[in-house]
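The lines below spell out each chain.
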Amino acid sequence: MIPEATQRLRSAAPLLSKATLLNDARLFGVQPRRHLNVSSRRAGKINHRPPPRDRVEIPGLEAVTYADRMHYVPGLSKPVFPRWEMGHKDPRFYRSPPHRDMALHRDEPCYVFHQRSSILEGVRQALWLTKTKLTPGLPPQLLALAESSANQIADQDERVQNAINHACFWETTEAEPKECNSSTLVHNLLQLCSSLQAGRPELGRRMLAEKYSVTASWSRGEDLFQVRGQNGLLLSSAWPLPPLADKQEVEETANHELETFYPVAPTIDLQTTHLYNPSENTTGFRSDYPYPHAHTLYFLDGVDRRCRLRPPQLRAKMIMFCFANALARARGLAPPEGPAPPLERPVCVQAVGTDGQTFQFVFFQLNTTELTNHSGVKNQVWLEEDVPLYDSARLRPLMRRKEVMVPAGLIGYRPETFRKFLSLYLHGAQ
């Protein structure tokens, strides 16, 4: 009788309400089915794969397998066949040997800083790792380069704003772009700076490289560190950058004490590896490259959406890769043999980091390659933090209660930010 009642209820469903159907179902003794929208994944439960069972071999006893049967047989052991060796090398089936058998294996670990590293202490940790003294702000002799009338670009502010509009509005197909494309913005600003080449031909002796790899190795105390990987765009030059600090200022850095961050270890958030070459130092280019001197590194934060860094970690990354490029160049010019004295001519590298709106400026000067102890001459870095190029760039205005809170378009353009960008580009031109 219950199935017949259920059939009558289903046939009368279009004419009855939901409450009536539930009451009639209870009257006939039929329990209504509840449909719950539950995800297929079990929340809060992780299925761990059990570890593989160890095969026990007893001397004198041979395991009975189903190898002769050519199919699975319950109760018999699984056969183990020798690995088939091909007569040629196929990269699709390559199996690397164990780490212990590799030529680059070392018992002591090496701490690696790469392009996706995000160190906890930020700039303080980068200063300790590179044995560097920090000076806030850019030096005035560097900023004065863009103030000269000979280095001014025709319709400079208007052309910079067009570059911003191109990166924020004109290139995207989104109805409401959330952020500016930092890659397009930097390329537009570099193209604008290169327009001065007509009056200064020495600017043509430069080259912009992408996806190059740098490697630098050094020791701090009893630990070995390496910076390796790709950082971003590299503007290299045929001439090295002139140092900003003279010999007397370099010698005065010996009295500077490096800031510690105990109880945090300096190796925190760094990748540990046992496969490395302790003396590897490469700039990423051959020795006969016509533009061997690293001029300016451009860090484009936000291009890789899987790796977004906060401003302190981005500034630390800029310092580390500036140091790596300078150290690899210094080691290539004069390979160290024993304790290294302070460099006769410091190696300098600049860096510009941006997320499309806020800029970070770094000037790094490598004074010494003796980085093991804390005493002696220190390296130097000048850092300009969080310099906005504009306040907001919106395709549509931000409305709240029928009131315009932020208008559409480019708002709050800062011309002094581009002048700093131009100063770093012009620095070092003979």
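As the structure is a computational prediction, the values presented were derived from the model and not from experiment. Residue positions within a chain follow its written sequence, with the count starting from 1. Predicted model: local features are reported for residues with pLDDT of at least 70 only, side-chain atom pairs are reported and counted for 80 or more only, and whole-chain, interface and lining totals are derived from all residues. Excluding hydrogens and water, the side-chain figures rest on all heavy atoms present in the structure.

Engineer: Give me the environment of Asp 107: which residues, what numbers.
Structural biologist: A run of H or I in DSSP counts as a helix once it spans at least four residues, and a run of E counts as a strand once it spans at least two, with each numbered from the N terminus. Topologically, Asp 107 is positioned in strand S1 (residues 105–113). C-alpha of Asp 107 to C-alpha of His 274: the two residues are 167 residues apart in sequence and 6.5 Å apart in space. For Asp 107, the contacting residues outside a window of four places in its chain are Arg 100 and His 274. Pairing of N or O atoms within 3.5 Å defines a polar contact, subject to two protein rules: one partner must be a possible hydrogen donor and the other a possible acceptor, and residues neighboring in sequence count only if both atoms are side-chain atoms. Only 3.2 Å separates the side chain of Asp 107 from the side chain of Arg 100, close enough to count as a polar contact. What makes two residues a contact is simply this: any of their non-hydrogen atoms within 4.5 Å.

Engineer: I'd like a rundown of the confidence of the model for the protein, residues and numbers included.
Structural biologist: With 87% of its residues at a pLDDT of at least 70, the protein reaches an overall mean of 86. Between residues 12–22, whose pLDDT stays under 50, and residues either more than four places distant or in other chains, the model counts five contacts. A residue's pLDDT is the confidence the predictor assigns to it, expressed on a 0 to 100 scale.

Engineer: If you had to explain the pattern of salt bridges to someone new, which residues and values would you point to?
Structural biologist: Salt bridges are defined as contacts in which a side-chain nitrogen from Lys or Arg sits within 4 Å of a carboxyl oxygen from Asp or Glu. Taken as a whole, this structure holds 11 salt bridges when the rule is applied. Across the salt bridge formed by Glu 385 and Arg 315, the nearest N and O atoms sit 3.9 Å from each other. Of this pair, Glu 385 sits in strand S11 (residues 379–388) while Arg 315 is found in helix H8 (residues 311–333), placing the two residues 70 residues apart along the sequence. To sort residues, take the accessible area from a 1.4 Å probe on protein chains only and compare it with the maximum for the residue type: under 20% means buried, over 50% means exposed, and anything in between is partly exposed. Judged by relative accessible area, which is 41%, Glu 385 ranks as partly exposed. By sharing partners, the salt bridges in this structure join Glu 121, Arg 124 and Glu 259 into a single network.

Engineer: Got a sec to walk through the sheet that holds strand S8 (residues 293–300)? Specific residues and values, please.
Structural biologist: Strands are treated as partners if at least two bridges between them are detected by DSSP. Across the sheet, which stays open at both edges, the seven strands sit in the order S2-S11-S10-S9-S8-S6-S3 with mixed pairing between neighbours. With one partner strand each, in any of the chains shown, strand S2 (132–136) and strand S3 (206–210) form the two edges of the open sheet. Neighbour to neighbour, the strand axes of the sheet diverge by 20 degrees on average, direction disregarded. Relative to S11, strand S10 (residues 358–368) is paired through seven bridges, and the arrangement is antiparallel. Opposite Val 362, over in S11, you have Leu 383 as the bridge partner. Only the contacting stretch of a helix is used when fitting its axis, a line to C-alpha atoms as for every element, and angles between N-to-C directions run 0 to 180 degrees. Sitting on the sheet, helix H6 (residues 182–193) is in contact with S3, strand S6 (233–237), S8, strand S9 (342–354) and S10, with an inclination near 140 degrees to S8. Contacting S8, S9, S10 and S11, H8 runs over the sheet at an angle of about 35 degrees to S10.

Engineer: Explain the packing of helix H5 (residues 156–170) against helix H9 (residues 415–426) to me, using residue names and the numbers behind them.
Structural biologist: For the pair H5 and H9, the least separation of the axes is 11 Å and the interaxial angle reads 90 degrees. When the axes of H5 and H9 are compared, the pair comes out roughly perpendicular. Contacts from Gln 156, Asp 157 and Val 160 of H5 reach H9 at Pro 415, Phe 418, Arg 419 and Leu 422. Across the contact of H5 with H9, the residue classes break down as four nonpolar, one polar and two charged. An angle below 35 degrees is read as roughly parallel, one above 145 as roughly antiparallel, one from 65 to 115 as roughly perpendicular, and any other as oblique. Residue polarity follows a fixed list, in which Ala, Val, Leu, Ile, Met, Phe, Trp, Tyr, Cys and Pro are nonpolar, Asp, Glu, Lys and Arg are charged, and the others, Gly among them, are polar.

Engineer: Report on the sheet that holds strand S4 (residues 214–220), specifying residues and quantitative values.
Structural biologist: Neighbouring strands of a sheet are bound in pairs by backbone hydrogen bonds; such pairs are parallel or else antiparallel. Here we have four strands laid out as an open sheet, ordered S4-S5-S1-S7, and mixed in their pairing. Two strands lie at the open edges of the sheet, namely S4 and strand S7 (271–275), each paired on one side alone. Here the average twist between neighbouring strands, direction ignored, is 35 degrees. One ladder, built from seven bridges, connects S4 with strand S5 (residues 223–229); its direction is antiparallel. Paired with Ser 219 across the strands is Leu 224, a residue of S5. In this fold H8 packs onto S1, S4 and S5, with an angle of close to 90 degrees to the strand it touches most, S4.

Engineer: Can you explain unusual backbone geometry? Please cite residues and give values.
Structural biologist: Here the residue pair Tyr 262 and Pro 263 is connected by a cis peptide bond, since its omega of 10 degrees sits within 30 degrees of zero. Note on placement: Pro 263 falls in the loop between helix H7 (247–252) and S7. Although it is not a glycine, Asp 386 sits at a positive phi angle of roughly 45 degrees. As for its placement among the helices and strands, Asp 386 is situated in strand S11.

Engineer: An account of H5 is requested, with residue identities and associated values reported.
Structural biologist: The span one expects for a helix is its residue count, reduced by one, times 1.5 Å. Under the 1.5 Å per step criterion, the end-to-end length of H5 is 20 Å for 15 residues, consistent within 8% with the ideal 21 Å. In this structure, the buried residues of H5 make contact with H6, strand S12 (392–394), strand S15 (409–411) and H9.

Engineer: I'd love a proper account of the pairing of S4, names of residues and values included.
Structural biologist: Among the seven residues of S4, six are classified as buried, and the element is accordingly described as predominantly covered. Connecting S4 to the antiparallel partner S5 that follows it, the hairpin turn spans two residues, and Gly 221 within it adopts a positive phi of roughly 70 degrees.

Engineer: Lay out the side chain of Thr 273 with the relevant residues and their values.
Structural biologist: Mapped onto the elements, Thr 273 comes out in strand S7. Taking relative accessible area as the criterion, Thr 273 reaches 12% and is therefore assigned buried. Aside from chain neighbours lying at most four places away, what touches Thr 273 is Glu 108, Pro 109, Cys 110, Val 112 and Arg 228.

Engineer: Give me the packing of aromatic side chains: which residues, what numbers.
Structural biologist: In this description, a pair of aromatic rings is defined by centroid distance and the angle of the planes. Only Phe, Tyr and Trp rings take part, Trp by its six-membered ring, and two of them pair if their centres are within 6.5 Å. Stacked means planes under 30 degrees apart, edge-to-face means over 60, and tilted covers everything else. If you walk through the whole model with that rule in mind, you get 15 aromatic pairs. With centroids separated by 5.8 Å and ring planes inclined at 35 degrees, the aromatic side chains of Tyr 111 and Phe 225 adopt a geometry described as tilted. Residue Tyr 111 is found in strand S1, and its partner Phe 225 is found in strand S5; the two are separated by 114 residues along the sequence. Accessibility expressed as a relative area gives 17% for Tyr 111, which makes it buried. Considering the side-chain rings of Phe 418 and Phe 421, the 6.2 Å spacing of their centres and the 15 degrees angle between planes classify their relative orientation as stacked. You can see Phe 418 and its partner Phe 421 sitting in helix H9, three residues apart, about one turn around the helix. Note on Phe 418: relative accessible area 1%, which makes it buried. Here a set of aromatic residues connected by ring pairs shows up, and it is made of Tyr 111, Trp 218, Phe 225, Phe 323 and Phe 364. Taking the ring centre of Tyr 425 as reference, the NZ or CZ of Arg 206 above it sits at 5.1 Å. Our definition puts a charge over a ring when NZ of Lys or CZ of Arg is within 6 Å of the ring centre and also within 35 degrees of the ring normal.

Engineer: Can you break down the pairing of S10 residue by residue, with the values?
Structural biologist: The element S10 is extensively covered by neighbouring structure, given that 10 of its 11 residues are classed as buried. In this sheet, S10 lies alongside S9 in antiparallel orientation, the contact comprising nine bridges. If you follow Cys 348 over to S10, its bridge partner there is Gln 365. Between S9 and S10, which follow one another and run antiparallel, lie three residues, and Gly 356 among them has a positive phi close to 105 degrees.

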